[in-house]
Structure formats: C-alpha cells, structure tokens
Amino acid sequence: MKKLFFYSPNYNDACSYYRGIAPFSRLKVNLNIPSNSVSWSTVVGNDMAFLQRPCTEQHLGIAKIIKRQNIPLWIDYDDDL
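Just so we're clear, the structure is a prediction, and the values are computed from it rather than from any experiment.

(A) Geometry of the nonpolar core. In terms of nonpolar packing, the biggest core is built from 11 residues, these being Phe 5, Tyr 7, Val 38, Val 43, Ala 49, Leu 51, Ile 62, Ala 63, Ile 65, Ile 66 and Ile 71. Mapped by element, the contributors of at least two residues to this core are β1 (3-7), β3 (48-52) and α3 (57-68). By residue number, the principal contributor to this core is α3, which donates four residues. Not counting residues up to four positions away in its chain, the partners in contact with Leu 51 are Tyr 7, His 59, Ile 62, Ala 63, Leu 73, Trp 74, Ile 75 and Asp 76.

(B) Focus on helix α1 (residues 14-26). Where α1 bends most, at Gly 20, the angle is about 25°, and the proline Pro 23 comes one to four residues later. For α1, the full list of buried residues reads Cys 15, Ser 16, Gly 20, Ala 22 and Phe 24. Phi for Lys 28, located one or two positions after α1, is positive at around 60°.

(C) Representation of the sheet that holds β3. With parallel pairing, four strands are arranged side by side in an open sheet as β2-β1-β3-β4. In the strand order of this sheet, the two ends are held by β2 (30-32) and β4 (73-76), each with one partner. Ignoring which end each strand starts from, the neighbouring axes of this sheet average 25° apart. Pairing analysis gives four bridges linking β1 to β3, with the strands arranged parallel. The partner of Phe 6 across the bridge, within β3, is Phe 50. Along the sheet, α1 contacts β1, β2, β3 and β4; its crossing angle with β3, the most-contacted strand, is approximately 165°.

(D) Structural context of the packing of aromatic side chains. Counted by the stated rule, this structure contains eight aromatic pairs. A centroid spacing of 5.3 Å and a plane angle of 10° characterise the contact between Phe 6 and Phe 50, whose relative ring orientation is stacked. Taken together, the positions of Phe 6 in strand β1 and Phe 50 in strand β3 put the pair 44 residues apart, joining distant regions of the chain. The residues Phe 6 and Phe 50 share a single accessibility class, namely buried. Ring centres 6.4 Å apart and planes at 80° place the aromatic pair Tyr 7 and Tyr 11 in the edge-to-face group. The class of Tyr 7 is buried, set by a relative accessible area of 9%. Overall, Tyr 11 belongs to the partly exposed group, its relative accessible area being 25%. Here the aromatic residues Phe 6, Tyr 7, Tyr 11, Phe 24, Phe 50 and Trp 74 are joined through ring pairs into a cluster of three or more.

Rules behind the numbers
Residues numbered from 1 in each chain as written. Predicted model: local features only at pLDDT ≥ 70, side-chain atom pairs only at ≥ 80, totals over all residues. Heavy atoms only, no water. Core = buried A, V, L, I, M, F, W, Y, C linked by side-chain atoms within 4.5 Å. Buried < 20%, exposed > 50% of the residue type's maximum accessible area, 1.4 Å probe, protein only. Helix = DSSP H or I, 4+ residues; strand = E, 2+ residues; numbered from the N terminus. Contact = heavy atoms within 4.5 Å. Bend = angle between axes of the 7 residues up to and from the residue. Pairing = 2+ DSSP bridges. Axes fitted to C-alpha atoms, helices over the stretch in contact; angles between N-to-C directions. Phe/Tyr/Trp six-rings, centres within 6.5 Å; stacked < 30°, edge-to-face > 60°.

So this is what it looks like as structure tokens:
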C-alpha cells in the first residue's frame, strides 16, 4: 500500500474533505497526516505528497522539504483562493 503525506491548512473544512481526505481514503492509500509541525522526519518514508491550497511562506517551506527528499509532490490549488 502506498504512503501519502497529506497536508492541508485546515483539515476540518469541506474542501479538505471533498478534494483531499475522502478521495484518497477511497483509493486505499495510507494517509500520513502531520499532527503539528512538518520537518524532514515527518516527510521521509512516504511514496508521494499532497499539499492542499498552499499560500504562505510556511507552505513553500513544506514543499521544499518534500522536494529535498525526492518525493513526488502534487499541489492542489483552490480555484477560489
């Protein structure tokens, strides 16, 4: 089973559910959802990463951590951000 690092600025909103957690849950991937801060130790060991609605310098830093680990990164931009 593939391991997916999943990051969203708000895990409890509808966008996170309908465009993230629900579809990936149906695909039967093992979701790795960070509880607080993101570092190389929370990213390493995943097969892929999903970054939802990045819009801050912190999100850019998370994307850089993911890319430094050579993990494929999927970025989902909200069309009404």
